[in-house]
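Structure at a glance
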Amino acid sequence: MKKTILLGVCFYLALCLCACSEAEAPEPEFVLTYAENQAQNYPTSLGGERFAELVKERTGGKVVVQVKYAGEYGTDEEVVSQMQFGGIDFARISLAVIADEVPILNALQMPFLYQDAAHMWRILDGETGTELLQVFQEAQLIGLSWYDSGARSFYSTKPIRSMEDLKGMSVRVQNSQLAMDMVSLLGAEPVYVDHNDVLYAFETRKITAAENNWPVYQYMDHYQVAKYYTVVEHTRVPDVQIASQRTWEILPEEYRQVILECARESALYQRNLWVRNDIFARAAVIDSGCEIIFLEPEEKLKFRETVQPLYQKYCGDHLDLIKAIQAEAAAPIGTGEGSSAPEP
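By rolling a water-sized probe across the atoms, one finds the places where empty space is left. One number sums up the size of the largest pocket: a volume of about 320 Å³. Of all elements in the fold, only α3 (76-84) and β3 (90-94) reach the threshold of two or more residues within the lining of the largest pocket. Here the lining of the largest pocket is built from residues that sort into five nonpolar, 14 polar and seven charged. Here the second largest pocket is characterised by a volume of approximately 250 Å³. Lining the second largest pocket are 17 residues, with Ala117, Asp148, Trp274, Val275 and Asp278 sitting closest to its centre. When contributions to the lining of the second largest pocket are tallied by element, the ones reaching two or more residues are α5 (117-124), β9 (228-235) and α12 (253-287). Sort the elements by how many residues they give to the lining of the second largest pocket and α12 lands first, with seven residues. A per-class count over the lining of the second largest pocket returns eight nonpolar, three polar and six charged.

Per-residue pLDDT for the protein averages 90, and the proportion of residues at 70 or more is 88%. Segment residues 15-23: pLDDT under 50, and zero contacts once partners within four positions in sequence are set aside and those in other chains are kept. A low-confidence stretch, residues 331-344 (pLDDT under 50), is modelled with 49 contacts involving residues beyond four sequence positions or located in other chains.

To continue, consider the sheet that holds β3. With respect to topology, five strands assemble into an open sheet ordered β2-β1-β3-β10-β4, the strand pairing being mixed. Since the sheet does not close on itself, it has two edges, and those belong to β2 (63-68) and β4 (141-147), each with one partner. Direction aside, neighbouring strands of the sheet carry axes that sit 25° apart on average. Of the strand pairs in this sheet, β3 and strand β10 (residues 239-244) are connected by five bridges, and their pairing is antiparallel. Bridge assignment links Phe90 to a residue of β10, and that residue is Ala243.

As for its placement among the helices and strands, Ile242 is situated in strand β10. Given a relative accessible area of 0%, Ile242 falls into the buried group. Along the backbone, Ile242 and Ala35 are 207 residues apart, and their C-alpha atoms lie at a distance of 10.0 Å. Those residues in contact with Ile242 that lie beyond four places of it in its chain are Met83, Asp89, Phe90, Ala91, Ile93, Phe136, Leu141, Ile142, Gly143 and Leu144.

Attention shifts here to the sheet that holds strand β6 (residues 170-173). One open sheet holds the six strands; their spatial order is β7-β6-β8-β5-β9-β11, and the pairing between them is mixed. Of all the strands in the sheet, the pair left with one neighbour each is β7 (189-192) and β11 (291-294). Each strand of the sheet is rotated relative to its neighbour by a mean of 30°, with strand direction disregarded. In this sheet, β7 lies alongside β6 in parallel orientation, the contact comprising four bridges. Bridge pairing in β7 places Val171 opposite Pro190.

A few words now on the nonpolar core. Counting 60 residues, the largest nonpolar core has Ile98, Leu105, Met110, Phe136, Trp146, Leu166 and Phe303 as the members making the most contacts within it. Every residue in contact with Met110, bar those within four places of it in the chain, is listed here: Leu178, His234, Thr235, Leu310, Tyr311, Tyr314, Cys315 and Ile322. Grouped together as the second largest cluster of nonpolar side chains are 25 residues, Leu144, Tyr255, Ile259 and Ala263 included.

The rules behind the values
Residues numbered from 1 in each chain as written. Predicted model: local features only at pLDDT ≥ 70, side-chain atom pairs only at ≥ 80, totals over all residues. Heavy atoms only, no water. 1 Å grid on protein atoms, 1.4 Å probe; cavity = no way out; pocket = protein on both sides within 12 Å on 5 of 7 lines; lining within 4 Å. Points joined across faces, edges and corners; volume = space filled by probe spheres on them. Helix = DSSP H or I, 4+ residues; strand = E, 2+ residues; numbered from the N terminus. Nonpolar A, V, L, I, M, F, W, Y, C, P; charged D, E, K, R; others polar. pLDDT = per-residue confidence, 0-100. Contact = heavy atoms within 4.5 Å. Pairing = 2+ DSSP bridges. Axes fitted to C-alpha atoms, helices over the stretch in contact; angles between N-to-C directions. Buried < 20%, exposed > 50% of the residue type's maximum accessible area, 1.4 Å probe, protein only. Core = buried A, V, L, I, M, F, W, Y, C linked by side-chain atoms within 4.5 Å.

Written out as structure tokens, the structure is:
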């Protein structure tokens, strides 16, 4: 009998605790969406998760951000279009997706612009980067923070040891006119393929090469069909975390400030993850038997000189910005790995 009474009391207390817990949990004022085109365990996805956690924590549960992965909301281009109409609230996208619409952003994705990663972060974390986040408003978006996307190089089904080897290749590029023009200048045929379809494009021989970073090469299994990775590091195109301007305008100022702080903290978190994942991805593809090719300095110089006309074509009105970025380099312009841009 005593045992029955004791169990009843415990059950009653448990119900009271649950009721108190539910009563303490605030009803969200805003439930917002966040688009991410990578898998849930990818560094940018984990950065998005961290952002959502921080926002919920620092608004006391009043703002909830729901992150959707693996392109559930569509391609980056489709996501941006939906954001401009308020259909999606937040996203992490490649800068290349929006640069055609906001041309000054092309300055950040010019070939051989930066000396190394440290050079790029001095620019993006400084006054220039802060000012460029403001220009997203031209596309009805709000720039929140810069995410790391590494350095892009070529990988292929046959070795690329020189520009001559690129001739006749079909190279997957992002949906960016600048990227297409760069590949054309290098003597190859640019082919736009959506990020999630690149593996299939290799398998069906629609493409024979692509250009991207180490983690994408490994995470997306591209190394299984393209066994040669040529370290060119021709571009360092950052990703950007953005908000819909329509969403931004309905948020109270206090929540806007919290969201900005959380976005910047999540970016630092993501960058640290990126460095570790970059190292892991390199080691994994090397262990799998892929061949890693480093260009000779004189060959890399040919690449740099060949793409030089892009500076005038895409940044003719922003050459002062290009020169300011170059001036931030810690060392003189060189021809070796990680060198900065040619003079426009």
